[in-house]
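Below, each chain spelled out in residue letters.
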Amino acid sequence: MNKLSQFLLINLLLLLNSLSTMAQEQIIIGHKASIDSAIMNDTREFWVSLPKDYDPNRSYPVCYFFDGESNFESVVAQTRRLSNGLYANLPQMILVGIIPKDRTNELTPSNDQSIVHYNTSGGYDKFLDFIQNELKPYINQKYSTDEFEILIGHFFGGLAAMHTWTHSPEAFDVYLVIDPSMWWDNEKLLREIESKKDFNTQKSKILFIAKANDAGSTKEHHSAIRKTDTILKQIYQDNSDRYRFNFYQHEDHGSVFVPSQYDGLRYIYDGFQLPVKQILKDPNLLMEHYENFSKKIGYQIRPTPAALDKFIEVSQARGLDSHQEFIKIKQSLEN
């Protein structure tokens, strides 16, 4: 073998080795976990995604969502994108995808005898008991949470979320409800909402409802959601900044999850995004912004170490006098 052939062979082997190493690298967005549930008398699986720079010394809000096996990638991708960088639209959060085993049973609050193929329905109260008394304590013990909790549900999951808002509103701080099955059991949940007298706790919760313009859905489906919106507008009339109804003209029942989840998260954290250019000139605006937003949403939010490092880096690179002020803010938060 001549020198040229040897040179080409060596470089080919190096290239193949490099490609092999690259092929082994993985992008990890979460992991599967499970707990033995005494309530469900079963081992229950759920999927968890932590912020990329998760720090156990910091606390994070938790977003729980039904149908985790279907929605995990979408929820992770959107929350990571929206919580990235100085111009983030929401804080980093812990994501928990709840995996149903019998979706009809576990996400419906009553047994609808009129629909034969849904004969296992009506087990949601038990499933919520599992979430509240076994899953949440596990998450809060294992991870650093601030116990501000969001619930996302679509279709039967949306029905389950609305049932929780109606009968156990204290369970979550935010309800993101997507194309819910309010028609279920002859609009039973809707009638329960209409008959309630006291909504003081419910009105303190942020509620976002999305409706798809789905020609394939029944008239009963569309009508029940519209009725729900009409009632909720009356309930929230004194707290209108905590309720939003979005209609998606160009989305069907299947496609509406992605844009409505994005819009819902943006609505929940409307006003979270930092006025970066003003803060670079006046660092006092940083803590003022977080204090004002914390009062609005109802829990304490502080700047992340990564955000403060970026402010320090940018202000120093630009030769701004604010550089030292950002260092002082970081030091005060670390103490």
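Check the entry above for the structure.
Only a predicted model underlies this, so the values are computations on that prediction, with no experimental measurement involved.

Novice: Outline the environment of R81, listing residues and values.
Specialist: Summarising the element assignment, R81 is placed in helix 2 (residues 68-82). For R81 and Q92, which are eleven residues apart along the polypeptide, the C-alpha to C-alpha distance reads 9.7 Å.

Novice: Which residues make up the pairing of strand 7 (residues 206-212), and what are the values?
Specialist: With seven of its seven residues buried, strand 7 lies for the most part within the structure. Of the pairings in the sheet, the one linking strand 7 to strand 8 (residues 243-248) comprises six bridges and is parallel in character. Looking at the pairing, A210 lines up with N246 of strand 8. One crossover worth recording links strand 7 to the parallel strand 8 by way of helix 8 (residues 219-235), and it is right-handed.

Novice: A description of the packing of helix 4 (residues 124-142) against helix 5 (residues 156-167) should follow, citing residues and the corresponding values.
Specialist: Relative to each other, helix 4 and helix 5 sit at 75°, their axes nearing to 11 Å. As summarised for this structure, helix 4 and helix 5 are arranged roughly perpendicular, according to the angle between their axes. Two secondary-structure elements touch here, helix 4 through Y124, D125 and L128 and helix 5 through A160, H163 and T164.

Novice: Can you tell me about the pattern of salt bridges, naming the residues and giving the values?
Specialist: Within the structure shown, the criterion is met by ten salt bridges. One salt bridge in this structure joins K136 and E149, with 2.7 Å as the shortest N-O distance. On the criterion of sequence distance, the pair formed by K136 in helix 4 and E149 in strand 5 (residues 145-154) is long-range, its members being 13 residues apart. Note on K136: relative accessible area 6%, which makes it buried. Judged by its relative accessible area of 7%, E149 falls in the buried class. Notably, a salt bridge pairs E313 with K310, separated by 3.7 Å at the nearest N-O pair. With E313 and K310 both in helix 12 (residues 305-317) and three residues apart, this pair spans about one turn of that helix. Its relative accessible area of 46% is what places E313 among the partly exposed residues. Of the residues examined, K310 reaches a relative accessible area of 36% and is grouped as partly exposed.

Novice: I'd like a rundown of the packing of helix 6 (residues 184-195) against helix 8, residues and numbers included.
Specialist: Two numbers describe how helix 6 lies on helix 8: the axes approach to 11 Å, and their chain directions differ by 20°. Relative to helix 8, helix 6 is oriented roughly parallel. Between helix 6 and helix 8 the crossing geometry is left-handed. Contacts between helix 6 and helix 8 involve E187, L190, I193 and E194 from the former and A224, K227, T228, I231 and I235 from the latter. Residues belonging to the contact of helix 6 with helix 8 are distributed by class as follows: five nonpolar, one polar and three charged.

Novice: Outline the pairing of strand 2 (residues 42-49), listing residues and values.
Specialist: With seven bridges connecting them, strand 1 (residues 31-37) and strand 2 associate as antiparallel partners. In the sheet register, I35 faces strand 2, and the bridge partner there is R44. The antiparallel pairing of strand 1 with strand 2 creates a hairpin that spans four residues between the two strands, and N41 there sits at a positive phi of about 55°. The pairing of strand 2 with strand 4 (residues 94-98) spans four bridges and is classified as antiparallel. Bridging from a neighbouring strand, V48 pairs with V96 of strand 4.

Novice: Describe helix 11 (residues 284-297), and please don't skip the residues or the numbers.
Specialist: Over its 14 residues, helix 11 runs 21 Å from end to end, which matches the ideal 20 Å to within 8%, given 1.5 Å per residue. Of the residues one or two after helix 11, G298 is the one with positive phi, at around 100°.

Novice: An account of helix 2 is needed here, citing residue identities and associated values.
Specialist: An ideal rise of 1.5 Å per residue puts 21 Å on 15 residues; helix 2 measures up with 19 Å between its terminal C-alpha atoms. Where helix 2 is concerned, the buried positions are G68, N71, F72, S74, V75, V76, Q78, T79 and L82.

Novice: Give a description of the side chain of N246 that names residues and reports values.
Specialist: With respect to the helices and strands, the residue N246 is situated in strand 8. Given the relative accessible area of 16%, N246 is considered buried. Reaching out from N246, the side chain makes a polar contact with the side chain of Y248 at a distance of 3.3 Å. If near-sequence neighbours (up to four positions away) are discounted, N246 is found in contact with F208, I209, A210, K211 and D263.

Conventions and cut-offs
Residues numbered from 1 in each chain as written. Predicted model: local features only at pLDDT ≥ 70, side-chain atom pairs only at ≥ 80, totals over all residues. Heavy atoms only, no water. Helix = DSSP H or I, 4+ residues; strand = E, 2+ residues; numbered from the N terminus. Buried < 20%, exposed > 50% of the residue type's maximum accessible area, 1.4 Å probe, protein only. Pairing = 2+ DSSP bridges. Right-handed = clockwise from strand over helix to strand, strands pointing away. Axes fitted to C-alpha atoms, helices over the stretch in contact; angles between N-to-C directions. Parallel < 35°, antiparallel > 145°, perpendicular 65-115°, else oblique. Contact = heavy atoms within 4.5 Å. Salt bridge = Lys/Arg side-chain N within 4 Å of Asp/Glu carboxyl O. Left-handed = near helix turned anticlockwise from the far one by under 90°. Nonpolar A, V, L, I, M, F, W, Y, C, P; charged D, E, K, R; others polar. Expected span 1.5 Å × (residues − 1). Polar contact = N/O pair within 3.5 Å; in protein donor to acceptor, adjacent residues only side chain to side chain.

Fair warning: the whole summary comes from geometry, so function is off the table for now.
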